[in-house]
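Listed below are the residues making up each chain.
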Amino acid sequence: MEVKINNKKYIVPELTFEHYTKMEEQGLSIVNAIQKEQYMLLAMAFTCVVVGVDRNEAERLLTQHVLGGGSARDIVSAFIKAIDKSDFFLKMRDTLTCYVS
């Protein structure tokens, strides 16, 4: 699967525990972000994983992406699709009580 961020295509890896913790290292709880519908935070954390950058760079890329006519919704949709294809995240489904499908 691919996701387009700032007019560049990135391969989305199968999400694992490592990716989960990398996303949470960016200062958010994935569970809370889903429950509170904080989609921009989810887009930022997912961008960190896919592009392999820190929060500041992900925020810069997302700003350029949106200003260039892109949608954060597409990135969040790619995140949700990646969850659906991830053995680890599927097993975590009980923890992600407000799982978005």
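The structure this text deals with has already been given above.
Residues numbered from 1 in each chain as written. Predicted model: local features only at pLDDT ≥ 70, side-chain atom pairs only at ≥ 80, totals over all residues. Heavy atoms only, no water.

Asks: Honestly, the side chain of Gln26 in this entry has me stumped. Any pointers?
Replies: Mapped onto the fold, Gln26 is located in the loop between helix H1 (17-24) and helix H2 (30-35). Assessed through its relative accessible area of 10%, Gln26 is described here as buried. What Gln26 contacts, discounting residues up to four positions off in sequence, is Met44, Cys48, Asp54 and Arg55. (Helix = DSSP H or I, 4+ residues; strand = E, 2+ residues; numbered from the N terminus. Buried < 20%, exposed > 50% of the residue type's maximum accessible area, 1.4 Å probe, protein only. Contact = heavy atoms within 4.5 Å.)

Asks: Teacher, can you tell me more about the packing of helix H3 (residues 39-52) against helix H5 (residues 72-84) here?
Replies: Any two packed helices are characterised by the angle at which their axes cross and by the distance between the axes. The N-to-C vectors of H3 and H5 enclose an angle of 65 degrees; their axes lie 9 Å apart at closest approach. By the criterion of interaxial angle, the relationship of H3 to H5 is roughly perpendicular. Relative to H5, H3 is oriented so that their crossing is left-handed. Of H5, the residues touching H3 (which contributes Tyr39, Met40, Leu42, Ala43, Phe46 and Thr47) are Ala72, Ile75, Val76, Ala78, Phe79 and Ala82. Grouping the amino acids of the contact of H3 with H5 by side-chain chemistry returns 11 nonpolar, one polar and no charged. (Axes fitted to C-alpha atoms, helices over the stretch in contact; angles between N-to-C directions. Parallel < 35°, antiparallel > 145°, perpendicular 65-115°, else oblique. Left-handed = near helix turned anticlockwise from the far one by under 90°. Nonpolar A, V, L, I, M, F, W, Y, C, P; charged D, E, K, R; others polar.)

Asks: Can you walk me through the packing of aromatic side chains in this structure?
Replies: The relative placement of two aromatic rings is captured by the distance of their centres and the angle of their planes. A full pass over the atoms with the stated rule returns six aromatic pairs. Consider the rings of Phe79 and Phe89, whose centres lie 6.4 Å apart with planes at 90 degrees: the pair is edge-to-face. In this pair, Phe79 is assigned in helix H5 and Phe89 in helix H6 (residues 87-91), connecting sequence segments 10 residues apart. With a relative accessible area of 1%, Phe89 lands in the buried category. (Phe/Tyr/Trp six-rings, centres within 6.5 Å; stacked < 30°, edge-to-face > 60°.)

Asks: Where do I start with the side chain of His65 in this structure?
Replies: Assignment of secondary structure puts His65 in helix H4 (residues 55-67). In this structure His65 comes out as buried when scored by relative accessible area, which is 7%. Within the structure, His65 has its side chain in polar contact with the backbone oxygen of Ser71 (distance 3.3 Å). Leave out the neighbours within four places in its chain, and His65 touches Lys4, Ile5, Asn6, Gly70, Ser71, Ala72 and Ile75. (Polar contact = N/O pair within 3.5 Å; in protein donor to acceptor, adjacent residues only side chain to side chain.)

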